[in-house]
Amino acid sequence: MIRVTLDGQAVETMAEERLIDLLLRRDAQVPHVCYHPQLGEIQACDTCMVEVNGELVRACATPVVADMKVETKSARADAAQREAFDRVLKNHLLYCTVCDNNNGNCTVHNTTKMLAVEHQNIPFEPKPYEVDSTNPFYRYDPSQCVLCARCVEACQNVEVNETLSIDWSSPNPRVLWDGGKAIGESSCVSCGHCVTVCPCNALMEKSMLGKAGFLSGMPKTALDGMIDVIKGIEPDIGYGAILELSEAESAMRKSRIRKTKTVCTYCGVGCSFDVWTKDRHILKIAPEKGPANGISTCIKGKFGWDFVNSPERLTKPLIREGETFREASWDEALDLVARRFSEIKAKDGPDALSFISSSKCTNEESYLMQKLARAVIGTNNMDNCSRYCQAPATMGLFRTVGFGGDSGSIEDIENAGLVLIIGSNTAESHPVLATRVKQAHKLRGQKLVVADIRKHEMAERADLFIQPKPGTDLIWLCAVTRYIWDEGLAKTDFLKQWVNGFDEYEKSLDPFTLEFAAERTGLSIETLKQLAHMITESSGVCVLWAMGVTQHTMGSDTSTAISNLLLVTGNYMRTGTGAYPLRGHNNVQGASDHGAMPNFLTGYQSVDDPEVRARFEAAWKVKLPTVKGLDNHEMINAVHDGKLKAMYMFGEETSVVDSNANHVRGGLSKLEFFVVQDIFFSDTCRFADVVLPASPSLEKEGTFTSTERRVQRLYQVLEPMEGSRPDWRIIQDVANRLGAGWNYGHPSEIYREIAALTPMFAGVTYERLEGYKSLQWPVAEDGTDQPLLYTKEFAFPDGKARLHPIHLSMPSDPVNEEFDLHLNNGRMLEHFHEGAMTYRSAGIREKVPDTFVEVSPELAEERGIQSGTWVQLISRYGKVRVRALVTERVKGKELYMPMNSSESPVNLLTSSHTDEATHTPAYKESSVKMNVLAEKGESPLPRVNSRFGHPTPQLSVEIEKKWKRPDYHMPGNGAAQSKVETIWEKIKWPSQSR
């Protein structure tokens, strides 16, 4: 702590803090247009000028030092601030009363008010450019742009898509996309960062335009006329009176615009933000305070919410009659469900029924579903979609370190010296988390290694990109670990103190020589050695992995090998280290955490542990089943075998997302009674006997748990669409018709029960999760959580980790002479899974209208394929017809097909082979043959997709180029100033953005 003098008052503060942050924390009235705490100093607006020890400086770029004397109200500071803001207003026409951005948070408006500006010395000058509305989600108005460069900084160094720039040498500077392309034809990924940080109305969501204000929806000619009137009277009455009118209109908006915090319903990063609504219309998504994301979003989280108000929403229960469905009342549908469940239980026993929870729904809903299965029906046949993706990663961590979750937070990943990404297309599957890796790599020297069979964005950015043969990650991981061990590079002190199991593990590494690995993986010995030395020479290593690892027959063993490598190199127990299996769905972590598994109750308490069962039995006042139930994979086989008769599923599209879809669909069609609960009539609904209309996340309350183990509250944004109900209410209705006698009035009551039964969540309460507060499990009863695991010990009784022996295994479904192509599959940026939600966004559909299969240029040339050529892919299990996209992202005889289709789902081609330990399907082990069809079509990826853009990377907004313009001088120093020294040349203080 140091002491400074602020406007004559002694103040204690932290050394090296930005002066602007100190001033804002103390509510000093210092203007700042370009500064944003999550962007760092940009120095484009000059409005935060203050005097420090008699010298005018920008407060955003000045660090606090001891004995500093700061004057914010001096005549010189005031004059400099006003001169700077006058330049800002030269670029912006004030028409706040009829502006959709007049919502109390417009920085330009608020600064005009703060400085009590009555008239401009420099008149407004429109820029000679048209408004750009070519992006489906937002528009850019150059003539309203104040050139603060916030959007550029956000794009270059927060999102790190590197699309936006400003040509400061232009006679009329403006923000540029790809150096001057139309937005819709650029590399813009529609993440929304630029719109979120814009301090005025230059960048606006189209969903806001004409909707937010009382007058802003008028025809343009009328609006222009009103603006002309206002500007005409401004010289006589000044801005003060005009601003009073706009402030009154802004206050009126509060009566009809609601701002409600929610948590994103797409991937597992756990982004949270405010949803602005007017009636049921979603005006915009406003991120700022989320602990995982801050100002960041991706295209789906920012703009992918049209599905909520889709006219295709289910609003009435449906009951099958022959091959069709009829509408029914809730009472009739629920009575039928209860009657058929009771009949089947009485006839065939409780284990003839099964239950599948949703990774898209809340923790409380998964808890109730497993309670319904166990306490009401009496079966452990309970699962969720973690079976399809992340169960092997959880298994690998259970074996080695004890907890089945990420070692730390996204912040800990940022702190790593080296990030190793294996089998994860992070920039598209977990976009916001990827931005933090891209930032650290670009700005702070973090090393990046990517191992994948496909060349995606993170591979392009990597310091080292390796492309092993499909299904061989286990081999090269073990070979690198053995090399580290053999060469004396292991962290032996760490191993002796914290790890058990050396001898058996060391023996298991015998087959994994560098020579063997080179032969099997296709990687050179030199590359393997290089990787080993990069790992051992790093200050800390975080490994990120996803379905490219887990969806193999050896998925659990490969995940185990990752954790073994981290243990051998001492990369646990501190920030910047650890294992990070990236969870794919918004609440796939939470569904498993809260008991939606065949072998675990809440908090991974085993169903075969008598003490655990006794605690739950006492609370629930029932006897519980004692043996592990069926998982998703086993359920389908049990249906085919005639053992499983009924299924209750909510929020899952099993007929499309489970592997070997023909086999799965055949099983679903054999069920005697099948209940599906969803927001749309999905492909899976076709097999149902009863379909129940549920509510999406914006229409309910509850909690989600992200990939960081972060538990967050979501608040109800909208009333449930008429006729639909939140899942927790439906499950309770079903349970009560079966005699349960539940009486939950709010999800908080459900969580109180969870916390009382689960040591891992003992301290989780809705009060501790209020607003943007969050907790990362395990959470002690006093509310203490663990953002970083294993800081004191590992999660085993003796506190030590365990090296787990590995055994060699090879992929199933290999290519051969007939099925000569390897088919990979996975996610893409714009769509989520099969697209049930995202295809209902017209803007996303414009970017990616359909699925496709990626074909390498060499294979395309060999077989006469162009982008748009229709091909038929045939595997041992099924076939699909799809258009080709020729791209260098794949090579040789590798194909890649995104998941985003329910009409031509890739899982018609995948097998029933699974990971031995968890039964996770081996989605990534598929071989196909390809028939080239005569029919030609347009490219499946239109030119408006960001892939066709050309980013313009730069390290900063390049503000020095502005300062070198002949018409620039620092405010307060006079036009005669010919040379402006940059602040960071005078003070050795690294900014966030450099």
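It should be emphasised that the depicted structure is a prediction, and the values quoted were computed from it without experimental measurement.

Asker: Can you break down the overall build of the protein chain residue by residue, with the values?
Answerer: Within the protein chain, the regular secondary structure consists of 32 helices and 37 strands. Against the compact-globule benchmark of 30 Å for 994 residues, the protein chain has a radius of gyration of 30 Å, which places it among compact chains. Seen through its principal axes, the protein chain has C-alpha atoms that stretch 90 × 70 × 65 Å. Across the protein chain, contacts joining residues at least 24 apart in sequence account for 74% of those joining residues at least 6 apart.

Asker: Any details on helix H3 (residues 107-114)? Residues and values, ideally.
Answerer: Among the residues of H3, Thr107, Val108, His109, Thr111 and Thr112 are the ones counted as buried. The inward-facing, buried residues of H3 contact helix H2 (75-90), helix H4 (150-157) and helix H6 (220-253). The first or second residue beyond H3 is Ala116, which carries a positive phi of 50 degrees.

Asker: Kindly report on the nonpolar core, identifying the contributing residues and their values.
Answerer: Formed by 158 residues in total, the largest nonpolar core has its most connected members in Trp476, Tyr572 and Tyr648. Ranked by the residues each element gives to this core, the list is headed by helix H15 (residues 473-486), at 10 residues. Aside from chain neighbours lying at most four places away, what touches Tyr572 is Leu397, Val401, Ser407, Phe494, Ser563, Leu566, Leu567, Thr577, Gly578, Ala579, Tyr790 and Phe794. Grouped together as the second largest cluster of nonpolar side chains are 59 residues, Ala44, Cys45, Val117 and Ala149 included.

Asker: Describe the packing of aromatic side chains, naming the residues involved and giving the relevant values.
Answerer: Applying the stated criterion across every chain yields a total of 27 aromatic pairs. Each ring, one from Tyr266 and one from Phe307, has its centre 6.5 Å from the other, and the planes form 80 degrees; the classification is edge-to-face. Placement of Tyr266 in the loop between strand S10 (257-263) and strand S11 (272-278) and of Phe307 in the loop between helix H7 (299-303) and strand S13 (318-321) is noted, with a sequence separation of 41 residues between them. Residue Tyr266 is classed as buried on the basis of its relative accessible area of 1%. Members of the aromatic cluster, each reached through a chain of ring pairs, are Phe403, Trp498, Tyr572, Trp777, Tyr790 and Phe794. Here Lys261 stacks its cationic end above the ring of Tyr772, 5.3 Å away from the centre of that ring. Directly above the aromatic system of Trp330 lies the positively charged group of Arg725, at a separation of 4.2 Å from the ring centroid.

Asker: Now, about a nonpolar patch on the surface: what can you tell me, with residues and values included?
Answerer: Together, Val229, Ile233 and Ile237 give the surface a local cluster of nonpolar side chains, amounting to about 250 Å² of exposed area. With respect to the helices and strands, Val229 occurs in helix H6.

Asker: I'd like a rundown of a negative patch on the surface, residues and numbers included.
Answerer: Taken together, the side chains of Glu460, Glu858, Glu861 and Glu888 present a region of like negative charge at the surface. Along the chain, Glu888 falls in the loop between strand S35 (879-886) and strand S36 (894-898).

Asker: Describe the sheet that holds S11, with residues and values.
Answerer: On the basis of which strands lie adjacent, the open sheet formed by three strands has the order S10-S11-S12 and antiparallel pairing. A strand with exactly one partner marks an edge of an open sheet, and here the two such strands are S10 and strand S12 (281-286). Sheet twist, expressed as the mean angle between neighbouring strand axes with direction ignored, is 30 degrees.

Asker: Which residues make up the pairing of strand S2 (residues 9-13), and what values go with them?
Answerer: Regular strands have side chains that alternate between both faces of the sheet. With five bridges connecting them, strand S1 (residues 2-6) and S2 associate as antiparallel partners. Paired with Arg3 across the bridge in S2 is Glu12. Hairpin connection of S1 to S2: two residues between the antiparallel strands, including Asp7 at a positive phi of 50 degrees.

Asker: Describe in detail the environment of Pro726, supporting the description with residues and values.
Answerer: Mapped onto the fold, Pro726 is located in the loop between strand S29 (710-714) and helix H27 (727-737). Taking the C-alpha atoms as reference points, Pro726 and Ser695, 31 residues apart in sequence, are found 4.8 Å from one another. With residues up to four places along the chain from it excluded, the contact list for Pro726 reads Glu365, Ser695, Glu699, Lys700 and Pro720.

Asker: Help me get a handle on the sheet that holds S1, residues and values and all.
Answerer: Judged by pairing direction, the sheet is mixed, and its five strands sit side by side in the order S2-S1-S5-S3-S4 without closing on themselves. Only two strands of the sheet have a single neighbouring strand rather than two, namely S2 and strand S4 (55-58). Across the sheet, the mean angle from the axis of one strand to that of its neighbour is 35 degrees, orientation sign disregarded. H2 rests against strand S3 (49-52), S4 and strand S5 (69-71) of the sheet, and its axis sits at about 155 degrees to S3.

Asker: Please set out the pairing of S29 residue by residue, giving values where relevant.
Answerer: With five of five residues buried, S29 is to be regarded as a mostly interior element. Of the two faces of S29, both are covered, the one formed by Arg710, Gln712 and Leu714 as well as the one formed by Val711 and Arg713. Where strand S28 (residues 702-705) meets S29, four bridges bridge the pair, whose relative direction is antiparallel. When the bridges of S29 are listed, Gly702 appears paired with Leu714. Note: S29 against strand S30 (residues 774-776), three bridges, orientation antiparallel. Across the sheet, Arg710 pairs through a bridge with Gln776, a residue of S30.

Asker: Please give an account of the side chain of Thr163 that cites residues and values.
Answerer: Relative to the assigned elements, Thr163 resides in the loop between H4 and strand S7 (164-166). Judged by relative accessible area, Thr163 falls into the buried class, the value being 1%. For Thr163, the contacting residues outside a window of four places in its chain are Cys155, Gln156, Leu176, Trp177, Asp178, Ser186, Ser187, Cys188 and Thr952.

Asker: Run through the confidence of the model for the protein chain, naming residues and quoting values.
Answerer: On average, residues of the protein chain score 95 in pLDDT, and 98% of them reach the 70 mark or higher. With pLDDT under 50 throughout, residues 975-994 is counted as low confidence; its partners more than four residues away or in other chains account for 49 contacts.

Asker: Can you explain H27? Please cite residues and give values.
Answerer: Burial within H27 is extensive, with eight of its 11 residues counted as buried. Every buried residue belonging to H27 is among Asp727, Trp728, Ile730, Ile731, Gln732, Asp733, Val734 and Ala735, and all of these are buried. Against helix H8 (330-348), helix H9 (363-377), strand S25 (646-650), strand S26 (673-678), strand S27 (690-693) and helix H28 (747-757) lie the buried residues of H27. Among the residues trailing H27, Gly739 stands out with phi positive, at a value near 95 degrees.

Asker: Talk me through the environment of Gly522; I want residue IDs and the actual numbers.
Answerer: Looking at where Gly522 falls in the secondary structure, it is placed in the loop between helix H18 (514-521) and helix H19 (525-537). Residue classification places Gly522 among the exposed residues on the basis of a relative accessible area of 53%. It is 9.2 Å that separates the C-alpha atoms of Gly522 and Thr472, two residues lying 50 residues apart in sequence. Dropping the residues within four chain positions of it, Gly522 is found in contact with Lys469 and Ala517.

Asker: Provide a residue-level description of the side chain of Asn103, including the pertinent values.
Answerer: Topologically, Asn103 is positioned in the loop between H2 and H3. Side-chain polar atoms of Asn103 contact the backbone oxygen of Asp100, separated by 2.8 Å.

Asker: Account for the environment of Gln712, naming residues and giving values.
Answerer: Its location among the elements puts Gln712 in strand S29. Classification of Gln712 as buried rests on a relative accessible area of 1%. Sequence-wise, Gln712 and Met395 are 317 residues apart; in three dimensions their C-alpha atoms are separated by 25 Å. In contact with Gln712, not counting residues within four places along its chain, are Lys261, Val263, Gly270, Ser272, Pro291, Gly702, Thr703, Phe704 and Ser774. A polar contact is formed between the side chain of Gln712 and the backbone oxygen of Gly270, at a distance of 2.8 Å.

Asker: So what about the packing of H15 against H19? Which residues, and what values?
Answerer: Here H15 crosses H19 at 65 degrees, and the two axes come no closer than 9 Å. Remark: the crossing between H15 and H19 carries right-handed chirality. Residues Trp476, Val480, Tyr483 and Ile484 of H15 form the contact with H19, whose participating residues are Leu528, Lys529, Leu531, Ala532, His533, Ile535 and Thr536. Residues belonging to the contact of H15 with H19 are distributed by class as follows: eight nonpolar, two polar and one charged.

Asker: Before we move on, can you summarise unusual backbone geometry with the specific residues and values?
Answerer: Of note, the amide linkage connecting Trp777 to Pro778 takes the cis form, showing an omega dihedral of 0 degrees. The phi angle at Asp67 is positive, at roughly 70 degrees, despite the residue not being glycine. Tracing the chain through its elements places Asp67 in the loop between S4 and S5. Asp67 gets classed as exposed once you look at its relative accessible area, which sits at 67%. Notably, His919 is not glycine yet its phi reads approximately 65 degrees, a positive angle. Inspection of the secondary structure puts His919 in the loop between S36 and strand S37 (926-936).

Cut-offs applied
Residues numbered from 1 in each chain as written. Predicted model: local features only at pLDDT ≥ 70, side-chain atom pairs only at ≥ 80, totals over all residues. Heavy atoms only, no water. Helix = DSSP H or I, 4+ residues; strand = E, 2+ residues; numbered from the N terminus. Rg over C-alpha atoms; globule rule 2.2 N^0.38 Å. Contact = heavy atoms within 4.5 Å. Buried < 20%, exposed > 50% of the residue type's maximum accessible area, 1.4 Å probe, protein only. Core = buried A, V, L, I, M, F, W, Y, C linked by side-chain atoms within 4.5 Å. Phe/Tyr/Trp six-rings, centres within 6.5 Å; stacked < 30°, edge-to-face > 60°. Lys NZ or Arg CZ within 6 Å of the ring centre and 35° of its normal. Patch = residues over 30% accessible without salt bridge, like charges linked within 9 Å, V, L, I, M, F, W, Y side chains within 5 Å. Areas by Shrake-Rupley, 256 points an atom, 1.4 Å probe, with all protein chains shown as cover. Salt bridge = Lys/Arg side-chain N within 4 Å of Asp/Glu carboxyl O. Lys, Arg positive; Asp, Glu negative; His and termini not counted. Charge placed at Lys NZ, Arg CZ, Asp CG, Glu CD. Pairing = 2+ DSSP bridges. Axes fitted to C-alpha atoms, helices over the stretch in contact; angles between N-to-C directions. pLDDT = per-residue confidence, 0-100. Polar contact = N/O pair within 3.5 Å; in protein donor to acceptor, adjacent residues only side chain to side chain. Left-handed = near helix turned anticlockwise from the far one by under 90°. Nonpolar A, V, L, I, M, F, W, Y, C, P; charged D, E, K, R; others polar.

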